[in-house]
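Structural description and commentary
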Amino acid sequence: MSETQQGQRVVLLTGAARGIGEAMARLFAGRGCIVVALDMLESGCVVCDEISSADGVCQFYQCDVTDEAQARQKARYSHSHAHWPGKWRRITSASIPSAPARSIRPCCART
């Protein structure tokens, strides 16, 4: 792990496959953050591949962010296996109007 990665911020972002979430993933990566992207759409993988191709750091995990247990599991997995000790931040950009607010909160070990 590089010394640079130790001090980087890690952004856990839901809804990163398109729209505002995609724009936020690109913006944060462009500003030097490590992006951990959660989305139920497979196109989130393409977004992360494009970010990585542009020398950014992005890891995609496909999951249904309306399923709190599933989102929590992916967030914990990314935190425990990524080995990114930077400061973690959580941002929810998934637009799910029919889901109760409590079900779209991803959780991670550090916020």
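Structure first, text after, so check above.
Let me begin by describing the structure that accompanies this report. (Residues numbered from 1 in each chain as written. Predicted model: local features only at pLDDT ≥ 70, side-chain atom pairs only at ≥ 80, totals over all residues. Heavy atoms only, no water.)

Topic: helix H2 (residues 19-30)
Definition in use: Secondary structure is summarised from DSSP: a helix means a run of H or I of at least four residues, a strand means a run of E of at least two, and numbering begins at the N terminus for each. Multiplying 1.5 Å by the residue count of a helix minus one yields the expected span of that helix. Think of it in three bands: with a 1.4 Å probe and only protein chains considered, a residue is buried below 20% of the maximum accessible area for its type, exposed above 50%, and partly exposed in between. Working definition: the arc comes from the directions between the helix axis and the C-beta atoms, pointing outward to the latter.
Across its 12 residues, H2 extends 17 Å between first and last C-alpha, which sits within 8% of the 16 Å expected from 1.5 Å per residue. For H2, every residue scored as buried is listed here: Gly21, Met24, Ala25 and Ala29. For H2, the buried positions fall inside an angular range of 125 degrees around the axis, keeping them on one side. Turned more than 90 degrees away from the buried face of H2, the exposed residues are Gly19, Ile20 and Gly30. Of the residues flanking the end of H2, it is glycine 32, one or two places downstream, whose phi is positive at about 95 degrees.

A short note on the state of the cysteines
For the record, the criterion: Count a disulfide wherever a pair of cysteine sulfur atoms falls within 2.5 Å.
Evaluated as defined, the whole model comprises 1 disulfide. A sulfur-sulfur distance of 2.1 Å marks the disulfide that ties cysteine 48 to cysteine 58. Taken as a pair, cysteine 48 in helix H3 (residues 43-53) and cysteine 58 in strand S3 (residues 57-62) lie far apart in primary sequence, 10 residues in all. Comparing cysteine 48 with cysteine 58, the two get one shared label, buried. The closest cysteine sulfur to the non-disulfide-bonded cysteine 45 is located on cysteine 48, 7.1 Å from its own sulfur. A relative accessible area of 35% means that cysteine 45 is categorised as partly exposed.

Describing the pattern of salt bridges
The criterion, for reference: What makes a salt bridge here is a side-chain nitrogen of Lys or Arg within 4 Å of a carboxyl oxygen of Asp or Glu, nothing more.
Evaluation of the coordinates by the stated rule reveals 2 salt bridges. Arginine 26 is paired through a salt bridge with glutamate 22; the nearest N and O atoms lie 2.9 Å apart. Placement of the pair is arginine 26 and glutamate 22 together in helix H2, with a separation of 4 residues, close to one helical turn. Looking at glutamate 22, the relative accessible area reads 22%, which means it is partly exposed. Here arginine 26 makes a salt bridge to glutamate 50, at a shortest N to O gap of 2.4 Å. Pair noted here: arginine 26 is in helix H2 and glutamate 50 is in helix H3, with a separation of 24 residues, a long-range link. In this structure glutamate 50 comes out as partly exposed when scored by relative accessible area, which is 38%.

These figures capture arrangement, not role.
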